[in-house]
Amino acid sequence: FSLNLAADCNAILKALQPIFQEQGMTETVHNWEDHGYLVTYIKKNGSFANLRIHPHGLVLVDLQSYNDDMKGREEVDQLLNKVEERMKELIHGNIKRVKRLPAILRGGVIDRYWPTADGRLVEYDIDEVVYDEDSPFQNIKILHSKQFGNILILSGDVNLAESDLAYTQAIMGSGKEDYTGKEVLILGGGDGGILYEIVKLKPKMVTMVASNIDQMVIDGCKKHMRKTCGDVLDNLKGDCYQVLIEDCIPVLKRYAKEGRMFDYVINDLTAVPISTSPEEDSTWEFLRLILDLSMKVLKQDGKYFTQGNCINLTDALALYEEQLSRLYCPVEFSKETVCVPSYMELWVFYTIWKKQTDI
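By the naming in an unreviewed UniProt entry, the protein is Spermine synthase, taken from Ploceus nigricollis. Quoted verbatim from the Pathway (unreviewed entry) field of UniProt, the annotation for the protein is "Amine and polyamine biosynthesis; spermine biosynthesis; spermine from spermidine: step 1/1." What UniProt states about the protein under its Subunit (unreviewed entry) heading is, verbatim, "Homodimer. Dimerization is mediated through the N-terminal domain and seems to be required for activity as deletion of the N-terminal domain causes complete loss of activity."

S.K.: Quick question: what am I supposed to make of the environment of Gln17 here?
M.R.: Note that Gln17 resides in helix α1 (residues 9–21). Residue classification places Gln17 among the buried residues on the basis of a relative accessible area of 17%. Measuring from C-alpha to C-alpha, the distance between Gln17 and Tyr41 comes to 9.4 Å, with 24 residues separating the pair along the chain. Excluding residues that lie within four positions of it along the chain, Gln17 makes contacts with Glu27 and Tyr41.

S.K.: Looking at this structure, how should I read the domain arrangement of the protein?
M.R.: Where interface size is given, it is often the accessible area lost as the parts come together that is meant. Here the protein is described as being made up of domain 1 (2–97) and domain 2 (162–354). One C-alpha centre belongs to domain 1, the other to domain 2; they are set 52 Å apart.

S.K.: Whenever I open this one, the side chain of Thr207 confuses me. Can you help?
M.R.: Within the element layout of this structure, Thr207 appears in strand β14 (residues 205–209). Here Gln242 takes part through its side chain, which lies 3.2 Å from a polar atom of the side chain of Thr207. For Thr207, the residues in contact, after removing those within four places along its chain, are Val184, Leu185, Ile186, Gln242, Leu244, Tyr255, Arg260 and Phe262.

S.K.: I tried to follow helix α7 (residues 248–258) on my own but got confused; where do I start?
M.R.: Residues that lie three or four places apart on an α-helix share one face, since the helix turns once every 3.6 residues. All buried positions along α7 are accounted for by Cys248, Ile249, Val251, Leu252 and Tyr255. Viewed end-on, α7 has its buried residues packed into an arc of 160°, placing them on one side of the element. Seen from the buried face of α7, the exposed residues on the opposite side, beyond 90 degrees, are Lys257 and Glu258. The inward-facing, buried residues of α7 contact β13 (183–188), β14, β16 (241–244), β17 (262–268) and α8 (282–297). Structurally, the start of α7 carries an N-cap: the backbone nitrogen of Ile249 is 3.0 Å from a side-chain oxygen of Asp247. Where α7 ends, the next residue or the one after it, Gly259, has phi of about 80°, a positive value.

S.K.: Sorry, what's going on with the UniProt feature "active site" (unreviewed entry) in the protein here?
M.R.: The sites that UniProt annotates as "active site" (unreviewed entry) are Asp268. Here Asp268 shows up in strand β17. A relative accessible area of 11% means that Asp268 is categorised as buried. In this structure, Asp268 is in contact with Tyr167, Ile171, Leu187, Gly188, Gly189, Asp191, Ile194 and Gln307, ignoring residues within four places of it in sequence.

S.K.: How do you make sense of the sheet that holds β17 when you look at a structure like this?
M.R.: Strand pairing in a sheet relies on backbone hydrogen bonds. The paired strands run either parallel or antiparallel. Strand order in this open sheet of 8 strands is β15-β16-β14-β13-β17-β18-β20-β19, and the pairing throughout is mixed. With one partner strand each, in any of the chains shown, β15 (237–238) and β19 (331–340) form the two edges of the open sheet. Strand direction decides the pairing type here: strand β18 (residues 298–310) and strand β20 (residues 345–354), joined by 5 bridges, are antiparallel. Looking across to β20, one finds that Gln307 is bridged to Phe349. Contacts between α7 and the sheet are confined to β13, β14, β16 and β17, with β13 contributing the most and set at about 155° to the helix.

S.K.: Please clarify how the confidence of the model for the protein should be interpreted in this entry.
M.R.: Interpretation of the predicted coordinates at a detailed level should be avoided for regions scoring low in pLDDT. The share of residues in the protein with pLDDT of 70 or more is 95%, and the mean pLDDT across the chain is 91. The lowest-confidence element of the protein is helix α2 (residues 70–91), averaging 88 in pLDDT; the highest-confidence one is helix α3 (residues 165–170), averaging 98.

S.K.: So what exactly am I meant to see when it comes to the pairing of β17 here?
M.R.: The side chains of a regular strand alternate between the sheet's two faces. Counting buried residues in β17 gives 7 out of 7 residues, a clear majority hidden from the surface. Pairing of β13 with β17, which is carried by 5 bridges, proceeds in the parallel orientation. In the sheet register, Gly188 faces β17, and the bridge partner there is Asp268. As defined by bridge partners, β17 adjoins β18 across 5 bridges and the pair is classed as parallel.

S.K.: What should I look at first to understand the nonpolar core in this one?
M.R.: Generally speaking, a soluble globular protein has its nonpolar side chains buried in company with each other. Counting residues in each nonpolar core, the largest one holds 80 residues, and the members touching the most others are Leu185, Ile198, Ile266, Tyr304, Tyr320 and Ile352. At 7 residues, α8 tops the list of elements feeding residues into this core. In contact with Tyr320, other than residues within four places in its own chain, are Val272, Trp284, Leu287, Leu291, Tyr304, Thr306, Tyr350 and Ile352. Judged by nonpolar contacts, the second largest core, of 22 residues, contains Phe1, Tyr37, Ala49 and Ile91.

S.K.: Any chance you could explain α8 here in plain terms?
M.R.: Here α8 spans 23 Å end to end across 16 residues, near enough to the 22 Å set by a 1.5 Å rise per residue. Listing the buried residues of α8 in full gives Trp284, Leu287, Arg288, Ile290, Leu291, Leu293, Ser294, Met295 and Val297.

What counts as what
- Residues numbered from 1 in each chain as written.
- Predicted model: local features only at pLDDT ≥ 70, side-chain atom pairs only at ≥ 80, totals over all residues.
- Heavy atoms only, no water.
- UniProt positions renumbered as here; feature names shortened; annotations may be inferred.
- Helix = DSSP H or I, 4+ residues; strand = E, 2+ residues; numbered from the N terminus.
- Buried < 20%, exposed > 50% of the residue type's maximum accessible area, 1.4 Å probe, protein only.
- Contact = heavy atoms within 4.5 Å.
- Domains from an automatic or database assignment.
- Polar contact = N/O pair within 3.5 Å; in protein donor to acceptor, adjacent residues only side chain to side chain.
- Arc of directions from axis to C-beta.
- Pairing = 2+ DSSP bridges.
- Axes fitted to C-alpha atoms, helices over the stretch in contact; angles between N-to-C directions.
- pLDDT = per-residue confidence, 0-100.
- Core = buried A, V, L, I, M, F, W, Y, C linked by side-chain atoms within 4.5 Å.
- Expected span 1.5 Å × (residues − 1).

This is the structure we're talking about:
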């Protein structure tokens, strides 16, 4: 409750006490004089409530209860309804805002909560754990969402859902590129989505390789993410593609030494780091190394596509753009913002190319 006036802490406490007492709850009151009250109410079954009354006009009620049935949830709602009614009776028209948040379910068999890149908590409509395994590199989960289909989550990071064709299209150039007869290098992309979409466009050859690309990711996705990857992960080689289960850095160095060049390089390894200390963060070092090596195998008129990060992370994105000026060759870039459904946030994608020099 947010009030339009200072709170009469004592009056609010006396008004709400009977509601909790009717539930058979034991009361403990902490009074901090000018800083208001904290009151705890504990029930014999272990349920408890915290009532925090701030003098400046903020009243908070937090309720925790172990209820695994509809009856228990109804009891919680009834108690909160009584608190709201009593507050309205007491404060009359001086309540600026009443906000009731849905229950956070802790300790459930299915984890529904995942943070966005900029630190907001999102509750997904997860109803099934499809796949949950630990590889030598990471924890791999595929969870089913009623809204987004199966979602690939790697070590707690939402990677891609079956709903997220917008991500794949954006990191391929948003339909503006002609891949016919082209040589394409994909870094990462273990979910198979990029490979599946590019193969449809009749390239000459697509090579997919990643740093510690995880065979268990491929195994999970080819079974449970087929709306994303189709059949391209069923075999590591096809008519116009190959998948290398290798560390991408030695592969990139080898290609550069051999003089092998690509029309397109698509980096789907990692998002732009959140850290704002690029000189001290190993992820930034990895990112810069990948950029430099990629430029060495990119044709003069080729294009490099990559994801950035959440549009709200303006400092990190600015630092990434600063890194582009430090590569061994001068580059130019453009960017676009795309809504990726399962991310529940706007995501930035980059197109980078070698700067054309006058002859």
